[in-house]
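Results of the structural survey
Chain residues, written in single-letter form:
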Amino acid sequence: MKAATAYIQLNNLVHNLGIVRTKTANSRVWATIKANGYGHGLLTVANTLAFHADGFGVARLEEALAIRADSIETPILLLEGFYAAKDLSLLVKHQLQTAVHCIEQLEALEQAILVRPLRVWLKIDSGMHRIGVRPENVNMFIKRLNACPNVAKPLHFMSHFSCADELENSVTQKQMIVFFDAIAGQKGYRSLAASSGCFFWPKSHLDWVRPGICLYGISSVSSITSKILGLKPVMTMTSSLIAIKKIKKRESVGYGGRWIAENDTSIGVVAIGYGDGYPYVAPDGTPVIINGRRVPLVGRISMDMLTIDLGSYSQDCVGDEVILWGENLPVEEVAAHIGTIGYELVTSITSRVNLVYT
Ligand SMILES: *Cc1c(COP(=O)(O)O)cnc(C)c1O
């Protein structure tokens with residue numbers, strides 16, 4: 001009997017990148033594979049996409065170094081740049097491009113002694129107010145970066161949308177205007193779009209796009225399913241039934257007795273819990289699939305198990321496979337039940353989960 005197993009369909013990863021390519025035909029693609037390839041396995045994802053993407057976007061130096069240690073030479077962009085001046089020589093050594101979003105990074109670059117200049121993307125805060133240089137400071141950064149011998153010319157430019165998943169929200173348009181104004185007349189590449197930008201904001205495509213979640217077959221927009229976008233889920237999270245328990249009307253199930261049966265029924269115990277990354281906060285009624293039908297999760301999630309209501313006429317057997325999300329049960333839909341997003345579910349799976357590539 002298998003425990004929590006995530007099947008990763010690598011051809012769907014390539015398919016989804018193809019969909020992004022058709023949407024963003026004039027742009028190059030930084031395939032975003034941070035956070036262990038959104039939980040799908042960093043190196044397998046990187047190897048699968050190495051000759052399909054134009055480059056990889058990652059968040060941490062360690063992610064970039066792991067990719068290079070696997071002999072993958074695809075360009076890599078550190079989306080938040082380096083975190084410490086002492087890392088700059090590693091960026092040079094491994095040909096990592098870097099965002100620069102703050103004065104500390106600028107000063108570190110100015111003070112470093114490097115054997116070769118780095119490709120730098122000036123990250124502009126066009127309205128998200130997370131990281132990035134404020135528009136009024138962009139000229140100063142451009143001047144100093146252009147004067148810095150450690151920076152390859154031309155300088156490149158990026159920004160990030162705060163509300164691109166809200167298709168009616170005018171903030172995105174405003175962010176584009178701020179970005180274009182801030183870099184008017186500059187030569188380098190420009191990059192704005194993550195997944196939502198790729199699909200819904202064609203004016204944001206520019207020279208490079210940075211899709212992440214859509215590559216894994218997951219919609220970034222709650223009102224539009226991945227299927228409508230032509231995306232195919234890459235991960236199917238499964239486990240199996242390790243027990244079936246008959247219970248009587250008014251009996252409760254699990255810690256705290258949270259769920260109480262309204263009728264005599266059969267409870268299925270599934271070998272997956274929050275120790276595998278299935279959220280503790282999942283409420284009663286969150287759907288799972290067993291033997292082709294949807295049944296509700298009932299009772300609190302345990303570390304290693306969760307319980308589902310199989311119904312009183314259940315024919316299910318110990319050992320049967322249970323699908324927590326994936327084909328026919330989009331992770332976005334499960335996430336909506338739980339009050340989170342598909343991004344969090346796929347990136348939260350723990351090292352105990354067996355990743356099986358198909
Ligand atoms: C994570 C990230 C992306 C990818 O975002 P998705 O919504 O997953 O497509 C793009 N750009 C930056 C700067 C990011 O941090």
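For clarity, every value in this text was computed on a predicted model and none was experimentally measured.

Definitions and limits used
Counting restarts for each chain, with residues numbered from 1 along the sequence as it is written. At least 70 in pLDDT is required for a residue's local features to be given in this predicted model, at least 80 for side-chain atom pairs to be given and counted, and no such filter applies to totals for whole chains, interfaces and linings, which use all residues. Hydrogen atoms and water are omitted, and side-chain values are computed over all heavy atoms in the structure. UniProt positions are given in the numbering used here, feature names are shortened, and annotations may be inferred rather than shown by experiment. We place a 1 Å grid over just the protein atoms. Points where a 1.4 Å probe fits but has no way out form a cavity, open points with protein on both sides within 12 Å along at least 5 of 7 lines form a pocket, and any residue with an atom within 4 Å of a point lines it. In DSSP terms, a helix is any run of H or I states spanning at least four residues, a strand is any run of E spanning at least two, and both are numbered starting from the N terminus. Residue contacts are counted whenever heavy atoms from the two residues lie within 4.5 Å of one another. Note on exposure labels: buried denotes an accessible area under 20% of the residue type's maximum, exposed denotes more than 50%, and partly exposed covers the range between, all computed with a 1.4 Å probe on protein chains only. The arc refers to the directions leading from the helix axis to the C-beta atoms. Aromatic pairs are defined between Phe, Tyr and Trp rings, using the six-membered ring for Trp, whenever the two ring centres lie within 6.5 Å; interplanar angles under 30 degrees are classed as stacked, those over 60 as edge-to-face, and all others as tilted.

**Comments concerning the UniProt feature "active site" (unreviewed entry) in the protein chain**
Using the residue numbers shown here, the UniProt feature "active site" (unreviewed entry) corresponds to Lys34 and Tyr255. A maximum C-alpha distance of 35.1 Å is found for the annotated residues, which run over 222 residues; spatially they are spread out rather than grouped. Among the annotated residues just listed, those lining the largest pocket are Lys34. If you trace the backbone, Lys34 turns up in helix H2 (residues 34-38). What Lys34 contacts, discounting residues up to four positions off in sequence, is Gly57, Val58, Ala59, Glu63 and Leu79. Within the fold, Tyr255 resides in the loop between strand E11 (252-253) and strand E12 (259-260).

**Topic: helix H4 (residues 61-69)**
Taken together, the buried positions of H4 are Leu61, Glu63, Ala64, Ile67 and Arg68. An end-on view of H4 places all buried positions within 165° of arc, on one side of the element. Summarising the geometry of H4, the exposed residues directed more than 90 degrees from the buried face are Glu62 and Ala69. The inward-facing, buried residues of H4 contact H2, helix H3 (42-49), strand E3 (55-58), strand E4 (76-78), helix H5 (88-93) and strand E5 (96-100).

**A word on the packing of aromatic side chains**
Tallying each qualifying case throughout the model produces eleven aromatic pairs. Residues Tyr38 and Tyr216 carry aromatic rings whose centres are separated by 4.7 Å and whose planes lie at 20° to one another, so their mutual orientation is stacked. One end of the pair, Tyr38, is in helix H2; the other, Tyr216, is in the loop between strand E9 (208-209) and strand E10 (235-247), with 178 residues separating them in the sequence. Across the pair, Tyr216 and Tyr38 agree in class, each one buried. Ring-pair connections join several aromatic residues into one group, and the members of that group are Trp30, Trp121, Tyr189 and Trp208.

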